[in-house]
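Examining the three-dimensional arrangement
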Amino acid sequence: MSHHTARAPRALIAEDEPILAAALAHALQRLWPELDIVATCPNGVEALRQGLALQPDILFLDIKMPGKTGLEAAEELAEQWPDGIAFPHIVFVTAYDEYALAAFEHAAADYVLKPVNDTRLGKTVERLQQRLRDSGNGTTTATPAAAAAPAATTAPMAATETTASASDDNMARLLSQLQAMLPPAPRLQMIRAAVGNSVRMIALADVVYFEALDKYINVVCQDSEALIRTSLKELLPQLDPQQFWQIHRGTIVNASAIATAVRDEAGKLSLTLRQHPAQLRVSPLYAHLFRQM
């Protein structure tokens, strides 16, 4: 992949509190005068839109934002990022306490604690500068997962040295570890779906897959479907992760309903189901679920 000659690295900040966004921008300007902050976004939806449009080298993403969380924005950016374009390095901005932050030490991401602390931010800046130097000429050659690689790598990892499977594993591990930091939700036993004037009770074992439809979820069973008014983000923590697998940002499948995972000529992965004609597309972030044992 060809790159421009050395240029100022570019960053995007996504933070819903204007005072904190300004404080982070000013601290970065002090600690890294060459850094070009190309956009400040007030929510995750705008971060996704601006990130895809501007393709910066670094993303500072607040974890808790309206519209989309920083985790959701990172996941959707990774899914929609154009092939052959360097994926940004990700730094999560968080107000979690030190105990919760222990998860970050083992996750494939860096973080900045709110309120911004120059000492911690300075270390993050040094790591980012080193990663950009490692990848050459002030630009990054990382894949979506390699971009979120742990700060203390033993050797520079260019995209050519990172297999797609390792990259996908890395980003998937990042997302699952950060999701694990969120408070656990009680497990669902039954789905209650309104059908006309009645409420249909659906046993989870009868569900083939869940499909996001705007503000609803389509609950797909072997021979019927029903709508429930919730989001996949709210539903997922209530499901047994051993039984129900997220395979795409809009799809959760019952693992026991999966027959085969098939790759097409373009390398895209899809699932066939045991007792349902649907074929379900698998995001690259979840392809590791279907690797041979």
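Just above, that's the structure.
Every chain's residues receive numbers from 1 upward, in the order its sequence appears when written. Given that this is a predicted model, residues contribute local features only at a pLDDT of at least 70 and side-chain atom pairs are listed and counted only at 80 or more, while totals for whole chains, interfaces and linings are drawn from all residues. Excluded from the side-chain calculations are hydrogens and water; all other atoms, namely the structure's heavy atoms, are used.

Moving on, we come to the overall build of the protein chain. Regarding its fold elements, the protein chain presents seven helices and 15 strands. Note on exposure labels: buried denotes an accessible area under 20% of the residue type's maximum, exposed denotes more than 50%, and partly exposed covers the range between, all computed with a 1.4 Å probe on protein chains only. Per-residue burial over the protein chain gives 46% buried out of 293 residues. Residue contacts follow a heavy-atom distance rule, with two residues in contact if any of their heavy atoms lie within 4.5 Å. Sequence-distant contacts, at least 24 apart, represent 57% of the contacts inside the protein chain between residues at least 6 apart. With the model as given, the accessible surface of the protein chain reaches about 15100 Å², and the carbon-plus-sulfur share is 53%. Think of it this way: any DSSP run of H or I at least four residues long counts as a helix, any run of E at least two long counts as a strand, and we number them from the N terminus. Each accessible area value is a Shrake-Rupley result obtained with a 1.4 Å probe; residue values ignore everything except the protein chains displayed when judging cover.

Two strands pair when backbone bridges link them, and strand β1 (residues 10–14) and strand β2 (residues 36–41) are joined in this way by five bridges, in the parallel orientation. Looking at β2, one finds that Ala14 is bridged to Cys41. Seen with its strands pointing away from the viewer, a crossover is right-handed when the path leading from the first strand over the helix to the second is clockwise. Between the parallel pair β1 and β2, the chain is carried across by helix α1 (residues 18–31), and the sense of this crossover is right-handed. Whether two strands pair depends on DSSP finding at least two bridges between them.

Turning to the pattern of salt bridges, a few remarks are in order. What makes a salt bridge here is a side-chain nitrogen of Lys or Arg within 4 Å of a carboxyl oxygen of Asp or Glu, nothing more. On inspection of all chains with the given rule, the structure shows nine salt bridges. For Asp57, the salt bridge goes to Arg7, with nearest N and O atoms at 2.9 Å. Linking Asp57 in the loop between α2 (44–54) and β3 (58–62) with Arg7 in the segment before β1, this pair joins segments that are 50 residues apart in sequence. Asp57 gets classed as buried once you look at its relative accessible area, which sits at 4%. On the basis of relative accessibility, which here comes to 29%, the residue Arg7 falls in the partly exposed class. Among the ionic pairs, Glu46 bridges to Arg49, the shortest N-O distance being 2.6 Å.

So, on to the packing of aromatic side chains. In summary, the pairing rule links any two rings of Phe, Tyr or Trp, Trp by its six-membered ring, whose centres are within 6.5 Å, and it sorts them by plane angle into stacked for under 30 degrees, edge-to-face for over 60 and tilted for everything else. Taken as a whole, this structure holds three aromatic pairs when the rule is applied. Ring geometry for Phe210 against Phe244: centres 5.7 Å apart, planes inclined by 50°, an arrangement best described as tilted. Placement of the pair is Phe210 in strand β8 (residues 207–213) and Phe244 in strand β11 (residues 244–248), with a sequence separation of 34 residues. As far as burial versus exposure is concerned, Phe210 and Phe244 are alike and both buried. Measuring from centroid to centroid gives 5.8 Å for Trp245 and Phe290, while their planes differ by 55°, and the two rings are tilted. Here the residue Trp245 occupies a position in strand β11, and Phe290 occupies one in the segment after β15 (279–282), the gap between them amounting to 45 residues.

Next up on the list: α1. Between its first and last C-alpha, α1 extends 20 Å over 14 residues, near the 20 Å set by a 1.5 Å rise per residue. All of the buried residues along α1 are Ala21, Leu24, Ala25, Ala27 and Leu28. The buried residues of α1 occupy an angular sector of 165° when projected down its axis, which confines them to one face. Turned more than 90 degrees off the buried face of α1, the exposed positions are Pro18, Ile19 and Arg30. If you follow the buried residues of α1, they end up packed against β1, β2, β3, β4 (89–94) and α5 (118–135). Multiply 1.5 Å by the residue count of a helix minus one, and that product is the helix's expected span. To obtain the arc, one takes the directions from the helix axis to the C-beta atoms.

A few words now on the sheet that holds strand β14 (residues 269–273). With respect to topology, three strands assemble into an open sheet ordered β13-β14-β15, the strand pairing being antiparallel. Strands with a single pairing partner mark the edges of an open sheet, and in this sheet they are β13 (258–263) and β15. Taken pair by pair, the neighbouring strands of this sheet meet at an average axis angle of 30°, ignoring direction. Of the pairings in the sheet, the one linking β13 to β14 comprises five bridges and is antiparallel in character. The residue of β14 that forms the bridge with Ala261 is Leu271. Axis geometry follows a simple rule: fit a line to the C-alpha atoms, using only the stretch in contact for helices, then measure angles between N-to-C directions, giving values from 0 to 180 degrees.

Here we come to the sheet that holds strand β10 (residues 225–228). In spatial order, the strands read β10-β9-β8-β12-β11; together these five strands make up an open sheet with antiparallel pairing. Edge positions in the sheet fall to β10 and β11, since each has one partner strand and no second. Here the strands of the sheet are splayed against their neighbours by 20° on average, with no regard to which way each runs. Bridge count for strand β9 (residues 216–221) against β10 is four bridges, and the pairing is antiparallel. Bridge pairing in β10 links Val219 to Ala226.

Our next topic: the packing of α2 against helix α3 (residues 70–80). Put simply, α2 and α3 touch, their axes get as near as 9 Å, and they point 30° apart. One element, α2, and the other, α3, form an angle in the roughly parallel class. As for how α2 packs across α3, the hand of that crossing is right-handed. From α2, Gly44, Leu48, Gly51 and Leu52 reach across to α3, where they touch Ala73, Glu76, Leu77 and Gln80. Within the contact of α2 with α3, the residues separate by chemical class into four nonpolar, three polar and one charged. Every angle not falling under 35 degrees, over 145, or within 65 to 115 is termed oblique; those three ranges are roughly parallel, roughly antiparallel and roughly perpendicular. Two helices crossing with the near one rotated counterclockwise from the far one by less than a right angle form a left-handed crossing, whereas a clockwise rotation gives a right-handed crossing. Charged residues are taken to be Asp, Glu, Lys and Arg, nonpolar residues to be Ala, Val, Leu, Ile, Met, Phe, Trp, Tyr, Cys and Pro, and polar residues to be all remaining types, Gly included.

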